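# Reading the structure
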Amino acid sequence: MNDASDIRHPTSGSLNIGIAGAGLLGRLLAWKLLQQGHHVSLFDRGSREGELSAARVAASMLAPYSEVASAERQVFDWGLMALRWWPEQIALLEQQTGQTIHYGMAGSVVLAHDLDKSSLRHFEQQLQAKVPDHLDGVERIDRERLRSLEPELADRYSSGLFLADEGYLDNWALLLALEIAISKLGGKWYEHREVVSVAPKRIVLSDETLAFDWVVDSRGLGAKAQLPGLRGVRGEVLWVHAPEVNLQRPVRLMHPRYKLYISPRPGNRYVIGATEIESESMQPVTVRSTLELMSALYSVHSGFAEASLLHAFAHCRPAMPDNLPVLNGEVGLLTVNGLYRHGYLLSPQLVEQALAMLAEQTADSVAV
Ligand SMILES: Cc1cc2nc3c(=O)[nH]c(=O)nc-3n(C[C@H](O)[C@H](O)[C@H](O)COP(=O)(O)OP(=O)(O)OC[C@H]3O[C@@H](n4cnc5c(N)ncnc54)[C@H](O)[C@@H]3O)c2cc1C
């Protein structure tokens, strides 16, 4: 067994921390821990581009209102914190790296075709029941109000909802900026390294076992063998380039069968999502899902007819049985997982809690 001191020599007060999985949680924790002066080594089965992570496939909407309709209240409360956290952290990341990370916090629009108005009503009722204390963030809109928000949609829809506090961010730019910041702060990347298992203070690779002061297991669905109850929930997204479509904010279409969202990216590109299938299949996007997403998309805005299909991605959201995140700490090992369809929404709270837990347990072990 190699000692992590082969990799780094800790200075007083700083720890050698090994992170298994460099997706969303792994990167955020690495970045924060490096800023606190710790030494961090990141291991991932993919490259530092994150092409094997759910984080890269995600639409990365920050949608606490939309999500709480079919989730626990905790998702909403943690999500509100994320709406404040991301702009501050993005500003810091941009300053550290010189990268631009596009994001929008100008709300989202929820629409339904006239025949599906009952779906929209049901959604509004769910919000009234789940967040009765935050209904000032839910505005019923008519055609004229919609015209002021999203002029290109006003001829098709006579009413909808405006969720003024919701947002989205450009996840590819974020993952890249985190990679650069981690490297600049001295974090070490171990790409294409499969972590076979983790244990307190140990990361086991196929050919060696490495020792650390602390290990973080943030392998997402890759931690399934070590995290009872963890399952994958398949999701598919399409990326399109639509020069004729100019949306300012995420748009959701309520539909009895084909729920759809459109998350903007710079340069008239849009992420279209997402299917939700109880399956751990990682097979490429199916024809059926493509047809469903595309026809729902075309019904939102005819300008999508001339769009080019840039990418079609499928991945699995890591989820626990209650679809809520899990944060377990024992001395030498921190497990963070189960972000399900809320990675960008819940990771700010989870990361802050993980850092606090690590600081507390480190202080306890020093005291002992
Ligand atoms: C289609 C889709 C749409 C989504 N849309 C949104 C959205 O709009 N808003 C939102 O908030 N969330 C969204 N999510 C959810 C979000 O992407 C996830 O919750 C989040 O990425 C989970 O982060 P993570 O770090 O736990 O896992 P991941 O991001 O998957 O990272 C895990 C990393 O661990 C690595 N790894 C796994 N096993 C091993 C191993 N054995 N050895 C070494 N490395 C390993 C992987 O390569 C990967 O890089 C979406 C997800 C999907 C699939």
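Residues numbered from 1 in each chain as written. Predicted model: local features only at pLDDT ≥ 70, side-chain atom pairs only at ≥ 80, totals over all residues. Heavy atoms only, no water.

### Re the sheet that holds strand E19 (residues 308-319)
The condition is simple: Paired strands, as defined in this entry, are two strands with at least two bridges between them according to DSSP. A run of H or I in DSSP becomes a helix once it reaches four residues, and a run of E becomes a strand once it reaches two; helices and strands are each numbered from the N terminus. The angle between two axes is taken between their N-to-C directions and runs from 0 to 180 degrees, where each axis is a line fitted to C-alpha atoms and a helix contributes only its stretch in contact. Whether two residues touch is decided by their heavy atoms; if any such pair falls within 4.5 Å, the residues are in contact.
The mixed open sheet is built from eight strands, whose spatial order is E7-E8-E6-E16-E17-E18-E15-E19. Only two strands of the sheet have a single partner each, and these edge strands are strand E7 (138-142) and E19. This sheet shows a mean twist of 25° between the axes of neighbouring strands, independent of strand direction. Contacting strand E15 (231-241), strand E16 (251-253), strand E17 (260-265), strand E18 (269-273) and E19, helix H8 (residues 287-300) crosses the sheet at an angle of about 75° to E17.

### Some points on the sheet that holds strand E9 (residues 167-169)
Within the open sheet, the three strands sit side by side as E4-E9-E5. Their pairing is antiparallel. Both outer strands of the open sheet, strand E4 (61-62) and strand E5 (103-104), are each paired with one neighbouring strand and no more. With two bridges joining them, E4 and E9 adopt antiparallel strand pairing. Bridging from a neighbouring strand, Met61 pairs with Tyr168 of E9. Packing of helix H4 (residues 73-97) onto the sheet brings it into contact with E4, E5 and E9, and relative to E9 it is tilted by some 35°.

### Digging into the pairing of strand E8 (residues 159-163)
This is how it is decided: Relative accessibility decides the category of a residue: with a 1.4 Å probe and only protein chains considered, values under 20% of the type maximum give buried, values over 50% give exposed, and everything between is partly exposed.
Taking burial as the measure, the five residues of E8 include four buried ones, the bulk of the element. Pairing between strand E6 (residues 108-111) and E8: four bridges, direction antiparallel. Across the sheet, residue Leu111 finds its bridge partner in E8, namely Gly160. Of the strand pairs in this sheet, E7 and E8 are connected by five bridges, and their pairing is antiparallel. Its bridge partner being in E8, Arg140 is matched across the sheet by Leu161.

### A closer look at the domain arrangement of the protein chain
This is how the line gets drawn: Each domain's limits were defined by an automated method or a database of domain assignments. The term buried area refers to how much accessible surface (probe radius 1.4 Å) is lost by two components on association, counted for both of them together. Each salt bridge in this description consists of a side-chain nitrogen of Lys or Arg and a carboxyl oxygen of Asp or Glu lying within 4 Å of one another. N or O atoms closer than or at 3.5 Å make up a polar contact, with two conditions inside protein: a donor-capable atom paired with an acceptor-capable one, and, for residues adjacent in sequence, both atoms drawn from side chains.
Domain boundaries in the protein chain define domain 1 (2-56 + 172-230 + 326-367) and domain 2 (108-164 + 232-318). If you average the C-alpha positions of domain 1 and of domain 2, the two centres end up 33 Å apart. Across the contact, 13 residues belong to domain 1 and 14 residues belong to domain 2. Interface area, domain 1 with domain 2, both sides summed: about 1,100 Å², of which 61% is carbon and sulfur. A per-residue breakdown of the area domain 1 buries against domain 2 is headed by Trp172, Leu221 and Tyr340, which together make up 53% of the total. At the boundary of domain 1 and domain 2, one finds two salt bridges. Measuring nitrogen to oxygen at the nearest pair gives 3.1 Å for the salt bridge that ties Lys224 to Glu280. Seen at the junction of domain 1 and domain 2, the total is seven residue pairs in polar contact (both at pLDDT 80 or more).

### Re the pattern of salt bridges
In a structure, side chains of opposite charge can pair up when their charged atoms sit close to one another. Across all of its chains, the model carries 20 salt bridges by this definition. For Glu67, the salt bridge identified is with Arg252, shortest N-O distance 3.5 Å. Of the two residues, Glu67 is situated in helix H3 (residues 64-68) and Arg252 in strand E16; the sequence distance between them amounts to 185 residues. The same class applies to Glu67 and to Arg252, which are both buried. Arg234 serves as the salt-bridge partner of Glu236, at 2.7 Å between the closest nitrogen and oxygen. The burial state of Glu236 is the same as that of Arg234; both residues are buried. A network of salt bridges, in which partner residues are shared, links Glu67, Arg252, Glu276 and Arg341.

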